[in-house]
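Architecture at a glance
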Amino acid sequence: GAVVSQHPSWVICKSGTSVKIECRSLDFQATTMFWYRQFPKQSLMLMATSNEGSKATYEQGVEKDKFLINHASLTLSTLTVTSAHPEDSSFYICSALRLAGGPYQETQYFGPGTRLLVL
Amino acid sequence: GDSVTQMEGPVTLSEEAFLTINCTYTATGYPSLFWYVQYPGEGLQLLLKATKADDKGSNKGFEATYRKETTSFHLEKGSVQVSDSAVYFCALRGGGGADGLTFGKGTHLIIQP
């Protein structure tokens, strides 16, 4: 099956620093990747859609200057949380879109998530 | 906007019991519907999906039928096993394949031997 990895799996940082999270599709190419955020006992909330070679599309309410997304290759997207604050502490999950043969056959494959704690 | 509502957990059942996890949705147009499962320490995995009304998705003994008239996509399994213990997420995709998913809050299922 398709595999998506994230690195790091967890990170602790000081307030004001920046943190980069990597999302890789290991055995397929992904033109499109997504970044989600999950709060405890809450659903996953889509933050942005990352498109290879172009600017990311952010959901309403998500600060694009705060959460920088770069999708420089077909297998790697990165999310950088800039000037992190304690309220940015959360579980960040990426997914990669794998295209299949026909319409409606696209499937998102999810990474295991990255837990960020900002002190 | 689009939304997904699923039953709150945790749901605790005995092995071999019948399982239903309710899921209803609100969306414009004709969304695709999904159930994802998250086992402890792992990422979300697609369990099954349905892309149009009356479609039935099935996998690993789980089934869900896309009911447009009731805007529902309830997950069922006839006989659960301890290994089915996980968190189950109902989700929809409102637009085309390149759109992100809208998730429910997840239902934690606990199966006791």
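Just so we're clear, the structure is a prediction, and the values are computed from it rather than from any experiment.

1. Looking at the pattern of salt bridges
According to the stated counting rule, one finds five salt bridges over all chains in the structure shown. Between Asp 55 of chain B and Lys 52 of chain B there is a salt bridge; the shortest N-O distance is 3.4 Å.

2. Description of the sheet that holds strand S3 (residues 19-25) of chain A
Residue and element names in this part refer to chain A. Strand order in the open sheet made by the four strands is S1-S3-S8-S7, with antiparallel pairing throughout. One side of each edge strand has no neighbouring strand; the edge strands of this open sheet are strand S1 (4-7) and strand S7 (67-73). The sheet shows a mean angle of 15° between the axes of neighbouring strands, direction not considered. As defined by bridge partners, S3 adjoins strand S8 (residues 76-81) across six bridges and the pair is classed as antiparallel. By the bridge assignment for S8, Arg 24 is matched with Leu 76.

3. Regarding the pairing of strand S7 (residues 56-59) of chain B
Residues and elements named next belong to chain B. Pairing of S7 with strand S8 (residues 62-65), which is carried by four bridges, proceeds in the antiparallel orientation. Its bridge partner being in S8, Ser 58 is matched across the sheet by Glu 63. Counting the residues between successive antiparallel strands, the hairpin from S7 to S8 contains two residues, one of them, Lys 60, with a positive phi of roughly 55°.

4. With respect to the interface of chain B and chain A
On the chain A side, the residues contacting the 17 residues of chain B number 20 residues. Of the roughly 1500 Å² buried between chain B and chain A, counting both surfaces, carbon and sulfur atoms make up 55%. Interface area lost by chain B to chain A is led by Leu 44, Phe 103 and Lys 105 of chain B, which between them contribute 28%. Counting the contacts that link chain B with chain A gives zero salt bridges. On inspection of chain B and its partner chain A, the count reaches three residue pairs in polar contact (both at pLDDT 80 or more). At the level of secondary structure, the elements contributing two or more residues to the side of chain B that touches chain A comprise strand S5 (32-38), strand S6 (45-50) and strand S10 (86-93) of chain B. Residue composition of the side of chain B that touches chain A, by class: seven nonpolar, six polar and four charged.

Rules used in this analysis
- Residues numbered from 1 in each chain as written.
- Chains lettered and ligands numbered in written order.
- Predicted model: local features only at pLDDT ≥ 70, side-chain atom pairs only at ≥ 80, totals over all residues.
- Heavy atoms only, no water.
- Salt bridge = Lys/Arg side-chain N within 4 Å of Asp/Glu carboxyl O.
- Pairing = 2+ DSSP bridges.
- Helix = DSSP H or I, 4+ residues; strand = E, 2+ residues; numbered from the N terminus.
- Axes fitted to C-alpha atoms, helices over the stretch in contact; angles between N-to-C directions.
- Contact = heavy atoms within 4.5 Å.
- Buried area = accessible area lost by both parts, 1.4 Å probe.
- Polar contact = N/O pair within 3.5 Å; in protein donor to acceptor, adjacent residues only side chain to side chain.
- Nonpolar A, V, L, I, M, F, W, Y, C, P; charged D, E, K, R; others polar.

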